[in-house]
Amino acid sequence: MILLVPMSPEVPRSRAPKIVPALAAVLILCIAFLEVYDLLLADGEYIESLQSFVVSGPDGRPALKPEASGFLSVRPLLRVAPAKADWDIERLILGNFIHGSLAHLLLNLVGVFAGVRLCCTFVPFSVAACIFLLGGSLGLWASLMLSSEVSGYIPHVGASAGIFALMGTYYVYNFRFRTRYFFWIPSRRGFINLKTSWFFFLDVLLLELVLSAAQLFPEKVDSVDHIAHVVGFLSGTALALGLRLAQRWPRWLQTRGEFVYWKEIVVPRHGGSQFVSIETWLELLEVNSYNDLVKLRICTTARLNADTIPDAILEKIFRWASPTFVRLYSSAVAGLVVDLLHQHRLLPRRWLSSMPYDSVILLAKQMTSSPELQKTMFRFVSEYRRAHPEGGDVERKLELLMTKLVGVMPERDSGLGDTPSSASAGTRHRPDRSRSRRETATRKH
Amino acid sequence: MGSYVPTGRKKRNSISQALAEAERDHLLDCPNADYFLRAEALVLDAILLYLMWKGIHHGCTLIGTQLIPWVHATLGIQGEFLSSPETLMAHVALLLQIGVLFAHLVWSTSCYGGSPGKLLLGLRVIDIADGRLLDLGRCTLREIVGKSISFGAFGFGALLPLVREDHRALHDLMSQSVVKRVHGKP
């Protein structure tokens, strides 16, 4: 959280987190603070008047005189806030909206704003509010039960347990996908997109749990309620997992928009079956073009139907195979390319011409396990070369690559079009662009 | 992109080797990372290392001051090492911290071509002659010895990329390496 601030799940602009629900949550906290502000002032004055009851304990830590408990039990803030020795459910819920100072409020406003804004990508505002309240209240309750303090009448307040519950919710919904983080890196204009799971360890385990763990014991206690944070996070995670289970949220869907599309259109169309058509998967990608899990499903389905997919659909499939996707899931894309080439299909020229050279090397490296695959790889590189204009930087590199491959490829005719002998180093093989798929297939037979 | 033309290489005997060589040629052809990008990676690494360093310290302190005494008292387990658990855990923490430092800077550069900060920003550390990743010995020379000298000499070695045309620092020169920008927009 401190190192890299999650700005948004990696989704299209139309699916990006909205600001209105987050502002509403901020407004509610501000109003609540103003409502109890007089009470806070009165409580502060009251506590000030009890300073004479504070003494130094035998171990050097502050302790209270025995008669102080009676006075503390009637402190004004306990009318709305829970304490270990005096709490009820109503005050547990109210405790989420109360903040001890303006600084405490401002810090939590940032957290609430970010948490509600991010979570509303996946759940409606009302659900996010319920998770905030339930998770926050459970966190406060756990901190009341588990913490050890000088007096049982110290109120536990603040929205941080609820914020951590929202954080848990975000991780449940976006764990398999990427997050857009804000960092001060000028070369990336302040943003960097990374897999959410990579930073789960750093954000949650290291920063929040390990660093906080050293303060869970009485000797280390500070004014921050770490137990509430940890329990709030766990509660939010459990609530979100339960909600996903109840919703039957498929694990390959990222945003609420996709889920609604799935529930309302895809499920009725396919009768609840998970084996949906490529066209339907492509429609889902229109909702969220960053969903790599849907792209993986498209690769799998396309491989099964490599010989029957219409060229127009093939063009659409490869439109989504971005360099980032190729880099992250090169084996899936390579598998699809191999199956298509085995079926004598032509790869979309636009995709080939837009693919960076290093991505092609990455794909080619996935096609080296058997001599048959190596021939397919050679044909793939040849097609890639054809898609690039002569004289460019990529062309120069490709020529070098072809030279290298020709030196090690078997000289047998693969029957798949180009062979090393027909594309020898330095002589650019001019393809017959009118050659149809049928002709290629006929030559094979 | 540069205009790197590979020199004579030893004979290849497999497709994988040919592709690996092509990849290395491509890496050598990528532009050298400029000073500011490298500085960003350095700060990112410093933050990551600080967090891990503090995490290990807190975790070990917690075990030394709370968990081991609790085990000692509750379960009645006796042992020489339990007599001063805080000192024991301080040593364990130091070992772990050195291990993390080594893995973060040296091992990561040797196996993946850069520390996590560099990899996140799309930078790769490679051999300037043939584009290969550096072996463990040269990584140690670069990351431990070279950087100590680079930063120890009033940071002169680390500021070298500002004035050199090829953006190489003193530790790059010492280890015959170069930092390339592989991904990301210029």
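Nothing here was measured: the structure is a model prediction, and the numbers come from that model.

(A) Representation of the packing of helix α2 (residues 35-74) of chain B against helix α6 (residues 156-163) of chain B. All names here are of chain B. Closest axis-to-axis distance for the α2/α6 pair is 8 Å, and the angle between their directions is 145°. Two secondary-structure elements touch here, α2 through Tyr 35, Phe 36 and Arg 38 and α6 through Ala 158, Leu 159, Pro 161 and Leu 162. Split into classes, the residues belonging to the contact of α2 with α6 amount to 6 nonpolar, no polar and 1 charged.

(B) Structural context of the sheet that holds strand β5 (residues 191-195) of chain A. All names here are of chain A. Read from one edge of the open sheet, 3 strands run β1-β4-β5, paired in antiparallel fashion. The open sheet is flanked by β1 (5-9) and β5, the only strands paired with a single partner. When the angles between neighbouring strand axes are averaged without regard to direction, this sheet yields 35°. Summarising the sheet, strand β4 (residues 178-182) and β5 pair through 5 bridges and their orientation is antiparallel. Opposite Arg 180, over in β5, you have Asn 193 as the bridge partner.

(C) Summary view of the environment of B:Asp172. Residue and element names in this part refer to chain B. Positionally, Asp 172 belongs in helix α7 (residues 170-175). Sequence separation between Asp 172 and Gly 146 is 26 residues; the distance between their C-alpha atoms is 7.7 Å. Look past the residues within four positions of Asp 172 in its chain and what remains in contact with it is Arg 38, Arg 142, His 167, Ser 177 and Val 179.

(D) A look at the environment of A:Tyr329. Looking at the secondary structure, you find A:Tyr329 in the loop between α13 (323-328) and α14 (330-342). Here A:Tyr329 is in contact with A:Lys195, A:Asp292 and A:Leu296, once residues within four sequence places are set aside.

(E) Seen up close, the pattern of salt bridges. Residues and elements named next belong to chain A. Under the counting rule described, the total for this entry stands at 22 salt bridges over all chains. Close ionic contact of Arg 91 with Asp 86 constitutes a salt bridge, the shortest N to O distance being 2.8 Å. By relative accessible area, which is 10% here, Arg 91 ends up buried.

(F) Up close: unusual backbone geometry. Residue and element names in this part refer to chain A. Located in the positive-phi region is Arg 248, a residue other than glycine, with phi close to 55°. Relative to the assigned elements, Arg 248 resides in the loop between α8 (226-247) and α9 (256-270). Under the relative-accessibility criterion, Arg 248 is labelled exposed at 69%. For His 344, which is not a glycine, the phi torsion comes out positive at approximately 60°. By secondary structure assignment, the location of His 344 is in the loop between α14 and α15 (349-354).

(G) Region of the structure containing the pairing of β4(A). Alignment of β1(A) against β4(A), held across 4 bridges, turns out to be antiparallel. The residue bridging A:Val5 from the neighbouring strand is A:Phe182, located in β4(A).

About the cut-offs
Residues numbered from 1 in each chain as written. Chains lettered and ligands numbered in written order. Predicted model: local features only at pLDDT ≥ 70, side-chain atom pairs only at ≥ 80, totals over all residues. Heavy atoms only, no water. Axes fitted to C-alpha atoms, helices over the stretch in contact; angles between N-to-C directions. Helix = DSSP H or I, 4+ residues; strand = E, 2+ residues; numbered from the N terminus. Contact = heavy atoms within 4.5 Å. Nonpolar A, V, L, I, M, F, W, Y, C, P; charged D, E, K, R; others polar. Pairing = 2+ DSSP bridges. Salt bridge = Lys/Arg side-chain N within 4 Å of Asp/Glu carboxyl O. Buried < 20%, exposed > 50% of the residue type's maximum accessible area, 1.4 Å probe, protein only.

On their own, these measurements won't tell you what the molecule is for.
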